[in-house]
Amino acid sequence: CLQEPLAYKARPLNGVWATPPFLHNGSVPSIYHLLSPVAERPATFYLGSKEYDPVHLGYRHERAKGLFALDTSKPGNRNSGHEFNHGEGQGIIGRHLSEPERWALVEYLKTM
């Protein structure tokens, strides 16, 4: 009864806080940024750090020696879609979340 034919089955959220970066191409560095509108997501950030950011639920993504700069303006690196924002349209999956709502969701996900 848990399987739907011809449907996408999302993975469980247990431990989601420990699996950054997010989206299929790793273009969003943390859960907090994933819950933010695309315009508020970092356009460029650095990948490769193994230092965890327990506040935003992601790896630290500031510039440092040996890290890779991910520029989300390049094709294949876009961080759009799966957005919580006002209105309807391509990639919008839910209503706009206020900053306190985003932080509350982040804190909730820490408990899973």
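Residues numbered from 1 in each chain as written. Predicted model: local features only at pLDDT ≥ 70, side-chain atom pairs only at ≥ 80, totals over all residues. Heavy atoms only, no water.

Looking only at helices and strands, the chain has two helices and six strands in total. In sequence order, the chain lays out its α and β elements as α-β-β-β-β-β-β-α. Summarising its shape, the C-alpha atoms of the chain cover approximately 50 × 30 × 30 Å along the three principal directions. Residue pairs at least 24 apart in sequence account for 52% of intrachain contacts in the chain once pairs closer than 6 positions are excluded. Put simply, the chain shows about 7600 Å² of open surface, and 58% of that area lies on carbon and sulfur atoms. (Helix = DSSP H or I, 4+ residues; strand = E, 2+ residues; numbered from the N terminus. Contact = heavy atoms within 4.5 Å. Areas by Shrake-Rupley, 256 points an atom, 1.4 Å probe, with all protein chains shown as cover.)

Among the nonpolar cores identified, the biggest contains ten residues, and these are Val16, Phe22, Val28, Ile31, Tyr32, Leu35, Leu57, Leu97, Val106 and Leu109. Counting only elements with at least two residues in this core, the list comes to α1 (31-35) and α2 (99-109). At three residues, the largest contribution of residues to this core is made by α1. Setting aside chain neighbours within four positions, we find Tyr32 in contact with His56, Glu99, Arg102, Trp103 and Val106. (Core = buried A, V, L, I, M, F, W, Y, C linked by side-chain atoms within 4.5 Å. Buried < 20%, exposed > 50% of the residue type's maximum accessible area, 1.4 Å probe, protein only.)

Right, let's get into α2. Those residues of α2 that fall on the buried side of the exposure criterion are Arg102, Val106 and Leu109. Looking straight down α2, one finds its buried side chains confined to an arc of 65°; they lie on one side. Buried residues belonging to α2 abut α1. (Arc of directions from axis to C-beta.)

Quick look at the pattern of salt bridges now. Pairing between side chains of opposite charge can happen when their charged atoms approach one another. Under the counting rule described, the total for this entry stands at five salt bridges. The partner of Glu40 in a salt bridge is Arg102, with the nearest N and O atoms 3.0 Å apart. Remark: Arg102 occurs in helix α2 and Glu40 occurs in the loop between α1 and β1 (44-47); sequence separation between them is 62 residues. Connected via shared salt-bridge partners are Glu51, Arg60 and Glu62. (Salt bridge = Lys/Arg side-chain N within 4 Å of Asp/Glu carboxyl O.)

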